[in-house]
Amino acid sequence: DSGVTQTPKHLITATGQRVTLRCSPRSGDLSVYWYQQSLDQGLQFLIQYYNGEERAKGNILERFSAQQFPDLHSELNLSSLELGDSALYFCASSVGGGAPYGYTFGSGTRLTVV
Amino acid sequence: ILNVEQSPQSLHVQEGDSTNFTCSFPSSNFYALHWYRWETAKSPEALFVMTLNGDEKKKGRISATLNTKEGYSYLYIKGSQPEDSATYLCAFKPTDSWGKLQFGAGTQVVVTP
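Residues numbered from 1 in each chain as written. Chains lettered and ligands numbered in written order. Predicted model: local features only at pLDDT ≥ 70, side-chain atom pairs only at ≥ 80, totals over all residues. Heavy atoms only, no water.

**Q** Run through the overall build of chain B, naming residues and quoting values.
**A** Looking only at helices and strands, chain B has zero helices and eleven strands in total. Each helix (α) and strand (β) of chain B, taken in turn from the N terminus, gives the series β-β-β-β-β-β-β-β-β-β-β. In terms of overall dimensions, chain B is globule-like: its C-alpha atoms have a radius of gyration of 14 Å, near the 13 Å expected for 113 residues. Considered along the principal axes of its C-alpha atoms, chain B spans approximately 45 × 30 × 20 Å. Counting the 113 residues in chain B, one finds 50% classified as buried. Long-range contacts, defined as pairs at least 24 residues apart, comprise 54% of the intrachain contacts of chain B with a sequence gap of at least 6. Of the accessible surface of chain B, which amounts to about 5600 Å², a share of 44% is contributed by carbon and sulfur atoms. Here chain B holds 10 positive side-chain charges and 11 negative ones, and the gap between their average locations is 6 Å. (Helix = DSSP H or I, 4+ residues; strand = E, 2+ residues; numbered from the N terminus. Rg over C-alpha atoms; globule rule 2.2 N^0.38 Å. Buried < 20%, exposed > 50% of the residue type's maximum accessible area, 1.4 Å probe, protein only. Contact = heavy atoms within 4.5 Å. Areas by Shrake-Rupley, 256 points an atom, 1.4 Å probe, with all protein chains shown as cover. Lys, Arg positive; Asp, Glu negative; His and termini not counted. Charge placed at Lys NZ, Arg CZ, Asp CG, Glu CD.)

Spelled out as structure tokens, the structure:
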């Protein structure tokens, strides 16, 4: 157990639907990052929050949104889902910007859009 | 767009042999270079965070070196064991990105007994 908790582990949903992925960071970590890994693609950065505020944004679609709550857990909302959104979504956390220990990753949420 | 490249994409190693592979990253605006090990059905696990040119880090039989001037890092596995089988990811953090890491596609290592 890495200390980063992601739920659910698996999600199957239909096109056009909306889902919410949840992440609880490791105790003491203030930064939360969301990454997407699609088939044959590396980890693609989506968005970062630090202590409740958005800090950096990657190639996140407008249909996707995220937030970090006062208790530091984060949610990634994916709406109007398309088949191409099927992927493994990772949450990671760190104390600050990642040094000196790097990120701690959760086990991921496998999203399948049918 | 920043480019982090890893080579080779995959390699097969006999148990007991040593191996190494490369991560290339932009040499400008360097802040840090991370290495992660990602075993099948698990989540990526941090191995090293390297910040200084000439840095060398070691963890058991795995070590890494860093050359920020030319933009590359090597990861070495000495005396490979089957449990070293994993995908090894490197990730680059430039100075102008607050925490955001740019990951390479990884080098998949398979160690056969």
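Okay, back to it.
**Q** I'd like a description of the interface of chain A and chain B, backed by residues and values.
**A** Taken residue by residue, the interface counts 24 residues in chain A and 14 residues in chain B. Summing both partners gives a buried area of about 1500 Å² for chain A against chain B, and 68% of it is carried by carbon and sulfur. If you sort the residues of chain A by the area they bury against chain B, Leu 43, Tyr 103 and Phe 105 of chain A come out on top, with a joint share of 31%. Remark: the boundary between chain A and chain B carries zero salt bridges. Inspection of the region where chain A meets chain B yields four residue pairs in polar contact (both at pLDDT 80 or more). For the side of chain A that touches chain B, the element with the most residues is strand 4 (residues 31–37) of chain A, which contributes four residues. Taken together, the residues that form the side of chain A that touches chain B break down as 13 nonpolar, nine polar and two charged. (Buried area = accessible area lost by both parts, 1.4 Å probe. Salt bridge = Lys/Arg side-chain N within 4 Å of Asp/Glu carboxyl O. Polar contact = N/O pair within 3.5 Å; in protein donor to acceptor, adjacent residues only side chain to side chain. Nonpolar A, V, L, I, M, F, W, Y, C, P; charged D, E, K, R; others polar.)

**Q** Quick rundown of the nonpolar core? Include the residues and the values.
**A** Counting residues in hydrophobic clusters, the biggest one holds 23 residues, and the most contacted among them are Phe 21, Leu 33, Trp 35, Phe 48, Leu 75 and Tyr 88 of chain B. Looking at this core, the elements with two or more residues in it are strand 2 (10–14), strand 3 (19–24), strand 4 (30–38), strand 5 (45–50), strand 7 (62–67), strand 8 (72–77), strand 9 (86–94) and strand 11 (107–112) of chain B. In terms of residue count, the dominant contributor to this core is strand 9 of chain B (four residues). Sequence-distant contacts of Phe 21 of chain B, defined by excluding residues within four places in its chain, comprise Ser 7, Pro 8, Leu 11, Trp 35, Ser 73, Tyr 74, Leu 75, Ile 77, Tyr 88, Thr 107 and Val 109 of chain B. Val 4, Leu 11, Cys 91 and Val 113 of chain A belong to the second largest nonpolar core, which has 21 residues in total. (Core = buried A, V, L, I, M, F, W, Y, C linked by side-chain atoms within 4.5 Å.)

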